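Letter by letter, the chains look like this.
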Amino acid sequence: MGDELAGIHATWEFESDAVVIRFERGIRIPKLFQALRERRIPHEALASVTLAPGARGTVVLHAVPRAGADPLIEAAAGQLKCGNDPYRLVLPADRETLAEYYRDELLAALAPLDTERPADGFLVEAPRGPQSFKAYDGKAYFDGASEVAFRWSWSGASSEKWKAGDQTFQARELSGVEWRSPELFEGYLRLLPRDREAVPDGGQGGRPAMQPDHDPAALVFGGGRGPVHQSLPFAAAVLAAVRGGGAGARVPVAVPAATRPRDPAGVAERIRHLSELHQAGLVTDEEFSVKKAELLAEL
């Protein structure tokens, strides 16, 4: 393959063993797509590919992700609206024949693969680097590797959270991440410590689940705080770190720096996040200097 198919919000490049999705930028582009920028989806991370009519004279080419293969989709847990689905390529209806060709090519590439069973580990890379976002009752920080921190807001945090104090979590101590879209009634991000792992009745350890606004392991957002394009990539990155330490987990090896395309804007953004973590005391002076030097070396 190796061809490209340009849609309304993204372009798909068809490699011999993967689909590279590059999202456009602009005020009309969903913010989640702009945050994701580019994603490489190995064929083994896909379950199927479909083509169906879309709205207002369009067709939609949809790569259906394999269960357990993508940390972003796992964290979203079926809550993404169609307009935010990164696996949908919307095309003008007059390109339907071309879309059919690429659908058939992808289906042929998937045929020899065992994509019906859930993946043993993540096959799609999670969002990279240190991340943070502001919620209603605090701010979340992730160092990009192993540590998550919640810093409470004096104006929004409940008394239970203030009594518990600011929280720091290690990925190895977590069993998972629970994300609820802020586009629903109320959004939140809850970290699941291994000693409080969720059970089927919706509680933890056989007890009713604590309300997110009272839970020191949760942040509450909505009304412009913790929007999808910030909180979901954060949740996916943390989930990948959690699963990365588990048995059988597989996360793709990062592209070596020598072959990684230069991205000055992306490096500057990662340095900004790193500075926030440093100022918040989550990264030591030495760690900040070493990581900043690594980022500058990518330029």
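Everything discussed here concerns the structure shown above.
Participant: How would you sum up the packing of aromatic side chains? Please name residues and give values.
Facilitator: All told, the structure shown has 9 aromatic pairs when counted by the stated rule. Ring-pair connections join several aromatic residues into one group, and the members of that group are Trp12, Phe14, Tyr101 and Tyr102.

Participant: Residue-level account of the nonpolar core, with values.
Facilitator: In terms of nonpolar packing, the biggest core is built from 64 residues, with Phe150, Leu189 and Val238 touching the most fellow members. Top contributing element to this core by residue count: helix H5 (residues 228-244), with 11 residues. Non-local contacts of leucine 189, meaning those with residues more than four positions away in its chain, are made with Phe133, Phe150, Val177, Glu178, Trp179, Ala217, Ala218, Leu219, Phe221, Phe234 and Ala235.

Participant: Describe the pattern of salt bridges, and please don't skip the residues or the numbers.
Facilitator: Summed over the entire model, instances satisfying the criterion amount to 15 salt bridges. In this structure, glutamate 13 and arginine 22 form a salt bridge, with 2.6 Å as the shortest nitrogen-oxygen distance. Across the pair aspartate 114 and arginine 117 runs a salt bridge, and its minimum N-O distance is 2.9 Å. Judged by its relative accessible area of 46%, aspartate 114 is partly exposed. Overall, the relative accessible area of 38% leaves arginine 117 in the partly exposed class. Through salt bridges with shared partners, a single network forms among Glu4, Glu13, Arg22 and Glu38.

Participant: I'd love a proper account of the sheet that holds strand S6 (residues 58-65), names of residues and values included.
Facilitator: Reading across the sheet, the 3 strands line up as S5-S6-S7 and stay open at both edges, with antiparallel pairing between neighbours. Edge positions in the open sheet fall to strand S5 (46-53) and strand S7 (88-92), since each of these has one partner strand only. For this sheet, the mean inter-axis angle between neighbouring strands, taken without regard to orientation, is 15°. Note: S6 against S7, 5 bridges, orientation antiparallel. Bridge pairing in S7 links threonine 58 to proline 92. Against the sheet, helix H3 (residues 96-110) touches S5, S6 and S7, its axis set at about 165° to S5.

Participant: Just give me the short version of H5, but keep the residues and values in it.
Facilitator: In this model H5 runs 23 Å from its N-terminal to its C-terminal C-alpha over 17 residues, within 8% of the 24 Å that 1.5 Å per residue would give. Within H5, 13 of the 17 residues are buried, which leaves the element mostly enclosed by the surrounding structure.

Participant: Outline the sheet that holds strand S9 (residues 138-142), listing residues and values.
Facilitator: Here we have 4 strands laid out as an open sheet, ordered S8-S9-S10-S11, and antiparallel in their pairing. At either margin of the open sheet sits one strand with a lone partner, and together these are strand S8 (131-134) and strand S11 (167-170). With direction set aside, neighbouring strand axes in the sheet form an average angle of 10°. Direction of pairing for S8 relative to S9: antiparallel, over a ladder of 4 bridges. Bridging across to S9, serine 132 finds its partner in tyrosine 141. Seen against the sheet, H5 touches S8, S9 and strand S10 (147-152) and runs at an angle of roughly 140° to S8.

Participant: If you had to explain the side chain of glutamate 178 to someone new, which residues and values would you point to?
Facilitator: If you trace the backbone, glutamate 178 turns up in strand S12 (residues 174-180). Here the side chain of glutamate 178 touches arginine 180 through a polar contact of 3.3 Å, side chain to side chain. When sequence neighbours within four positions are dropped, the list of residues in contact with glutamate 178 reads Tyr188, Leu189, Arg190 and Leu192.

Calculation rules
- Residues numbered from 1 in each chain as written.
- Predicted model: local features only at pLDDT ≥ 70, side-chain atom pairs only at ≥ 80, totals over all residues.
- Heavy atoms only, no water.
- Phe/Tyr/Trp six-rings, centres within 6.5 Å; stacked < 30°, edge-to-face > 60°.
- Core = buried A, V, L, I, M, F, W, Y, C linked by side-chain atoms within 4.5 Å.
- Buried < 20%, exposed > 50% of the residue type's maximum accessible area, 1.4 Å probe, protein only.
- Helix = DSSP H or I, 4+ residues; strand = E, 2+ residues; numbered from the N terminus.
- Contact = heavy atoms within 4.5 Å.
- Salt bridge = Lys/Arg side-chain N within 4 Å of Asp/Glu carboxyl O.
- Pairing = 2+ DSSP bridges.
- Axes fitted to C-alpha atoms, helices over the stretch in contact; angles between N-to-C directions.
- Expected span 1.5 Å × (residues − 1).
- Polar contact = N/O pair within 3.5 Å; in protein donor to acceptor, adjacent residues only side chain to side chain.

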